[in-house]
Amino acid sequence: MEFVHKSVLFDEAIDSLDINENKIIVDGTAGGGGHSSEIAKRAKRLIAIDRDPDAIKVLHERLDGYGNVTIVQDNFENVGSIVRDLGLDFVDGILVDLGVSSFQLDTAERGFSYHKDAPLDMRMSKSGISAKDVVNTYSEQELADILFRYGEEKFARRIAKNIVETRSNGEIKTTGELVEIIKKSYPQRAMRDSHPARKTFQAIRIEVNAELDALSNLLDGAIDVLSSGGRLSVITFHSLEDRMVKERFRQWENPCTCPKEFPVCVCGKKPLGKMPFKSKSPSDAELEENPRARSSRLRTFVKF
């Protein structure tokens, strides 16, 4: 099995964690071990988490030799309980890369890619509801809401209507079938901007894997288990994720709820930390080497 994942913003993410030989670091989306391998070289201990069983096999192959790595198959949203179950009160850094791995995209049978005809799946953990379940059992209104909310798809209602009409004649089973339905739902003028299936596939993947709920839970759990001076670094890939991270970091940095006209704070809510930089995006050199990094953005929060 060749689990390939080009770690985006690699140097920026590693630098943002301010790693040294005394620190315990969590990689919440260890994937193929790109970031994890470098962290293991620099840190006292690495806790490598991934929910994909294929990734876990590869992580053991690539990281077991370091001797300071604990590999956990779980969802990163459970970071708080994972850390405490390992007998730790705090960790010094947490990294989460929210992108779908190249392995998942390029392995057709996983059903993540709209470029290859494959079974409708999209499950990162290989368990739970699949994309096929969503497409074939959700109501027209539910489908339209998901496509609009998670994909920001302006033709959501038309696509949802055509999905329901098509499945009335038989179950929609493959990514190729879904792509054809989406193409028929798009006006010709809109086909020039980007692949018409991109937003729909993103939306269904987010629904299948409950990605935004997991991210919210991660943020809640991470701030509680970070040590003083600990760092949380998150790499996002679309506006919904980035907006959530940005707003939560801003709230932590300035939690005061007093009216603006108050001369001094009386609510008593103190800042939890600070952002050492606004955000970072890939360099031109990285984009040339890995176009999939185009929409990625790194944000970091340092806890007081």
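Refer to the structure presented above.
Report follows, based on the coordinates. (Residues numbered from 1 in each chain as written. Predicted model: local features only at pLDDT ≥ 70, side-chain atom pairs only at ≥ 80, totals over all residues. Heavy atoms only, no water.)

## Description of the packing of aromatic side chains
Logical step 1: Within this structure, the stated rule accounts for 5 aromatic pairs.
Logical step 2: Ring geometry for phenylalanine 249 against phenylalanine 301: centres 5.4 Å apart, planes inclined by 45 degrees, an arrangement best described as tilted. On the criterion of sequence distance, the pair formed by phenylalanine 249 in helix H12 (residues 239–253) and phenylalanine 301 in strand S7 (residues 297–303) is long-range, its members being 52 residues apart. By the burial criterion, phenylalanine 249 is buried, and phenylalanine 301 matches it.
Logical step 3: A centroid spacing of 5.2 Å and a plane angle of 65 degrees characterise the contact between tryptophan 252 and phenylalanine 301, whose relative ring orientation is edge-to-face. You can see tryptophan 252 sitting in helix H12 and its partner phenylalanine 301 sitting in strand S7, a full 49 residues away along the chain. We note that tryptophan 252, like phenylalanine 301, is buried.
Logical step 4: Chaining the aromatic ring pairs together yields one cluster made of Phe249, Trp252 and Phe301.
Logical step 5: When the ring centre of tyrosine 150 is taken as reference, the NZ or CZ atom of arginine 149 above it lies at 5.2 Å. (Phe/Tyr/Trp six-rings, centres within 6.5 Å; stacked < 30°, edge-to-face > 60°. Helix = DSSP H or I, 4+ residues; strand = E, 2+ residues; numbered from the N terminus. Buried < 20%, exposed > 50% of the residue type's maximum accessible area, 1.4 Å probe, protein only. Lys NZ or Arg CZ within 6 Å of the ring centre and 35° of its normal.)

## Re the pairing of strand S1 (residues 24–27)
Regular strands place their side chains on alternate faces of the sheet.
Logical step 1: By the alternation rule, side chains of S1 split into Ile24 and Val26 and Ile25 and Asp27, which are all buried.
Logical step 2: Taken together, the 4 bridges between S1 and strand S2 (residues 45–50) define a ladder with parallel strand orientation. Bridging across to S2, isoleucine 25 finds its partner in leucine 46.
Logical step 3: Where the polypeptide runs from S1 across helix H2 (residues 34–42) and back to S2, its parallel neighbour, the crossover connection is right-handed.
Logical step 4: Pairing analysis gives 3 bridges linking S1 to strand S4 (residues 91–97), with the strands arranged parallel. Pairing of valine 26 across the sheet is with isoleucine 94, part of S4. (Pairing = 2+ DSSP bridges. Right-handed = clockwise from strand over helix to strand, strands pointing away.)

## Things to note about the layout of surface pockets
Logical step 1: Of the pockets and cavities examined, the largest pocket occupies roughly 950 Å³.
Logical step 2: The wall of the largest pocket is formed by 32 residues, among which Leu105, Tyr114, Arg198, Arg292 and Ser295 lie closest to the centre.
Logical step 3: Contributions of two or more residues to the lining of the largest pocket are made by helix H5 (102–106), helix H10 (198–209) and H12.
Logical step 4: The dominant element in the lining of the largest pocket, judged by the number of residues it contributes, is H10, at 5 residues.
Logical step 5: In the lining of the largest pocket, the residues fall into 10 nonpolar, 12 polar and 10 charged. (1 Å grid on protein atoms, 1.4 Å probe; cavity = no way out; pocket = protein on both sides within 12 Å on 5 of 7 lines; lining within 4 Å. Points joined across faces, edges and corners; volume = space filled by probe spheres on them. Nonpolar A, V, L, I, M, F, W, Y, C, P; charged D, E, K, R; others polar.)

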